[in-house]
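# Descriptive structure summary
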Amino acid sequence: MTKQPIKMQKLVLLIPALLAALAINSCCNAAAAPVRMQLTHVDAGRGLSGRELMRRMALRSKARAPRLLSSSATAPVSPGAYDDGVPMTEYLLHLAIGTPPQPVQLTLDTGSDLVWTQCQPCAVCFNQSLPYYDASRSSTFALPSCDSTQCKLDPSVTMCVNQTVQTCAFSYSYGDKSATIGFLDVETVSFVAGASVPGVVFGCGLNNTGIFRSNETGIAGFGRGPLSLPSQLKVGNFSHCFTAVSGRKPSTVLFDLPADLYKNGRGTVQTTPLIKNPAHPTFYYLSLKGITVGSTRLPVPESAFALKNGTGGTIIDSGTAFTSLPPRVYRLVHDEFAAHVKLPVVPSNETGPLLCFSAPPLGKAPHVPKLVLHFEGATLHLPRENYVFEAKDGGNCSICLAIIEGEMTIIGNFQQQNMHVLYDLKNSKLSFVRAKCDKL
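An unreviewed UniProt entry lists the chain under the name Peptidase A1 domain-containing protein, from Oryza nivara.

## Some details on the overall build of the chain
In terms of helices and strands, the chain carries five helices and 28 strands. Classification of the 440 residues of the chain by burial places 55% in the buried group. Residue pairs in contact within the chain that sit at least 24 positions apart in sequence constitute 73% of those at least 6 positions apart.

## Remarks on the sheet that holds strand E22 (residues 378-382)
Judged by pairing direction, the sheet is antiparallel, and its four strands sit side by side in the order E15-E14-E21-E22 without closing on themselves. The two strands at the open ends of the sheet, each matched to only one other strand, are strand E15 (296-297) and E22. Along the sheet, helix H4 (residues 327-340) makes contact with strand E14 (288-293) and E15, crossing E14 at roughly 20°.

## A look at the state of the cysteines
Considering all chains together, one arrives at six disulfides under this definition. One disulfide bridge connects Cys-122 with Cys-125, the sulfur atoms lying 1.3 Å from each other. Taking the sign of the torsion about the S-S bond as the criterion, the disulfide between Cys-122 and Cys-125, at about 45°, is right-handed. Across a sulfur-sulfur distance of 2.0 Å, Cys-146 and Cys-160 are joined as a disulfide pair. In this structure the cystine formed by Cys-146 and Cys-160 twists about its S-S bond by roughly 80°; its chirality is therefore right-handed. Here Cys-160 lies in strand E5 (residues 158-162) and Cys-146 lies in the loop between strand E4 (115-118) and E5, a separation of 14 residues in the sequence. For Cys-146, a relative accessible area of 14% translates into the label buried. Note on Cys-160: relative accessible area 35%, which makes it partly exposed. Disulfide partners in the chain, listed by the sequence order of the bonded cysteines, are 1-8, 2-3, 4-6, 5-7, 9-12, 10-11. Residue Cys-397 stays outside any disulfide, its sulfur separated by 9.2 Å from that of Cys-400, the closest cysteine.

## Remarks on the nonpolar core
Formed by 87 residues in total, the largest nonpolar core has its most connected members in Met-37, Leu-95, Phe-222, Phe-255, Ile-291, Phe-322 and Phe-337. Counting residues per element, this core draws most heavily on strand E8 (residues 196-209), at five residues. Each of domain 1 (36-68 + 85-253) and domain 2 (263-434) gives at least three residues to this core. Here Phe-337 is in contact with Val-293, Leu-355, Phe-357, Val-368, Pro-369, Tyr-387, Val-388 and Leu-401, once residues within four sequence places are set aside. Within the second largest apolar cluster, 16 residues are counted, among which are Cys-151, Leu-184, Phe-212 and Leu-227.

## Here we look at the pattern of salt bridges
Should the charged atoms of two oppositely charged side chains come close, the side chains can pair. According to the stated counting rule, one finds 13 salt bridges in the structure shown. The closest approach of N and O atoms between Asp-43 and Arg-46, which form a salt bridge, is 3.6 Å. Judged by relative accessible area, Asp-43 falls into the buried class, the value being 5%. Take Arg-46: its relative accessible area is 42%, and that puts it in the partly exposed class.

## Looking at the UniProt feature "active site" (unreviewed entry) in the chain
Under the UniProt annotation, "active site" (unreviewed entry) lies at Asp-109 and Asp-317. What stands out for the annotated residues spanning 209 residues is how close their C-alpha atoms remain, the widest pair being 7.7 Å apart. Tracing the chain through its elements places Asp-109 in strand E3 (residues 102-109). The exposure class assigned to Asp-109 is buried, which follows from its relative accessible area of 2%. Of the polar contacts made by the side chain of Asp-109, one reaches the side chain of Arg-64; its length is 2.7 Å. Residues in contact with Asp-317, not counting those within four places in the same chain, are Arg-64, Leu-68, Asp-109, Thr-110, Gly-111, Ile-410, Ile-411, Gly-412, Asn-413 and Gln-416. At 3.4 Å, the side chain of Asp-317 forms a polar contact with the backbone nitrogen of Gly-319.

## Some words on the packing of aromatic side chains
Applying the stated criterion to the full structure yields 17 aromatic pairs. Between Phe-337 and Tyr-387 the ring centres are 6.4 Å apart and the planes differ by 85°, which places this aromatic pair in the edge-to-face class. A residue pair is termed long-range when its members are at least 10 positions apart, and Phe-337 in helix H4 and Tyr-387 in the loop between E22 and strand E23 (388-393) qualify at 50 residues. As far as burial versus exposure is concerned, Phe-337 and Tyr-387 are alike and both buried. Three or more aromatic residues joined by ring pairs form one cluster here, namely Phe-222, Phe-238, Phe-255, Tyr-284 and Tyr-423.

## Comments concerning the sheet that holds strand E20 (residues 355-359)
Pairing in this open sheet of three strands is antiparallel, and the strands run E20-E24-E23 from one edge to the other. The open sheet terminates on both sides in strands that have one partner only, identified here as E20 and E23. Between one strand and the next, the sheet's axes are offset by a mean angle of 25°, whatever the strand orientation. Taken together, the six bridges between E23 and strand E24 (residues 396-401) define a ladder with antiparallel strand orientation. Residue Asp-393 lies in a different strand from E24, and its bridge partner there is Asn-396.

## Re unusual backbone geometry
With an omega of 0°, the peptide bond between Thr-99 and Pro-100 qualifies as cis. Assignment of secondary structure puts Pro-100 in the loop between strand E2 (91-97) and E3. Between Gln-120 and Pro-121 the backbone carries a cis peptide bond, its omega angle lying at -5°. Located in the positive-phi region is Lys-234, a residue other than glycine, with phi close to 55°. Its identity as a non-glycine residue notwithstanding, Ser-428 has a phi of 55°, on the positive side. Tracing the chain through its elements places Ser-428 in the loop between strand E27 (419-424) and strand E28 (429-434). For Ser-428, a relative accessible area of 23% corresponds to the partly exposed category.

Calculation notes
Residues numbered from 1 in each chain as written. Predicted model: local features only at pLDDT ≥ 70, side-chain atom pairs only at ≥ 80, totals over all residues. Heavy atoms only, no water. Helix = DSSP H or I, 4+ residues; strand = E, 2+ residues; numbered from the N terminus. Buried < 20%, exposed > 50% of the residue type's maximum accessible area, 1.4 Å probe, protein only. Contact = heavy atoms within 4.5 Å. Pairing = 2+ DSSP bridges. Axes fitted to C-alpha atoms, helices over the stretch in contact; angles between N-to-C directions. Disulfide = S-S within 2.5 Å. Core = buried A, V, L, I, M, F, W, Y, C linked by side-chain atoms within 4.5 Å. Domains from an automatic or database assignment. Salt bridge = Lys/Arg side-chain N within 4 Å of Asp/Glu carboxyl O. UniProt positions renumbered as here; feature names shortened; annotations may be inferred. Polar contact = N/O pair within 3.5 Å; in protein donor to acceptor, adjacent residues only side chain to side chain. Phe/Tyr/Trp six-rings, centres within 6.5 Å; stacked < 30°, edge-to-face > 60°.

Shown next, in the form of structure tokens:
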């Protein structure tokens, strides 16, 4: 998600009520510490059929790219209708804020920076199962002053509001027109196994609108900007390891990992540069060079995946389920894949944006060609389960290529299942290796 400027009038009206409800304490400086956090997939434990799970992931993936691109589009980009109750989120991050800790669950988003949650007193809020964060119940809560370092971390997001006292406020919106406005808070954040970090800046959302249907309380920005959680903790790296989306086991996020990161890996560690795009400094770009289907390196020029004057390029994204490719590249992958699979193609009106084939319900798994992504300095040989989705519905069985046509190249989280993916922020590199993520 990308931020957009929004107006602050509503916030100005809310600040006096907020200040009356809070006891303001002294704040601490943020400190980095190795921490572990738990993730759950938004569809885990819902009892969904394979076909329904696939449909939901495809819908989310199709809607995600326009939201990422909308801030740079020359004309407004519409993500299309998406009001059938399917959650927009992919993964929820579980942690707690304050002393004593108050639990929150935030959307993990490598495509945005701000960390925020809904707070009391909430004027406009979406539904959530957890109580709103209540600053008046926390002994470690503080409001940063307008001239503080925290308030100046990102001037495009924060501003000073003059009321009874000067208050550091924020305004943040996303490409899908979801938005949050409120005040900046400095607090202690608690992670798994009791680890806690004081002095973390996050947004206390008082007026929150948009598409929030995943039982989240807010969003955890993991982008490259100064307000993101990795940036605030001043960690040299972070990693995630997504378990299979069809299961129920939680996934893991780790901060500031030691040198033996890949001791539980299941192959050779691959490393490729992280590319910066000044036009979209939040996103993590990669240098994708080509794609192989079966034994055929597709005739796609490297320029098809490259950044051009701030547009295009290849993004790795936690918030996209299925990898998307630009139309010409997708058609080449589609046709080469279909040429290898000796099964009837399922009509597109039954499978949405995915290429699917009717498969026998019993017996040996049908043959599919290998799929390889070639990055600068690294090669990702995708395991079958990371690009083929097998769905059974009654006596019918289908196998689908878990890649969609989109407006740009985005590497989705389905392709990252059971991969330990490390974002080396200090050295601007991305490393990955196959792993048993439920054992990490």
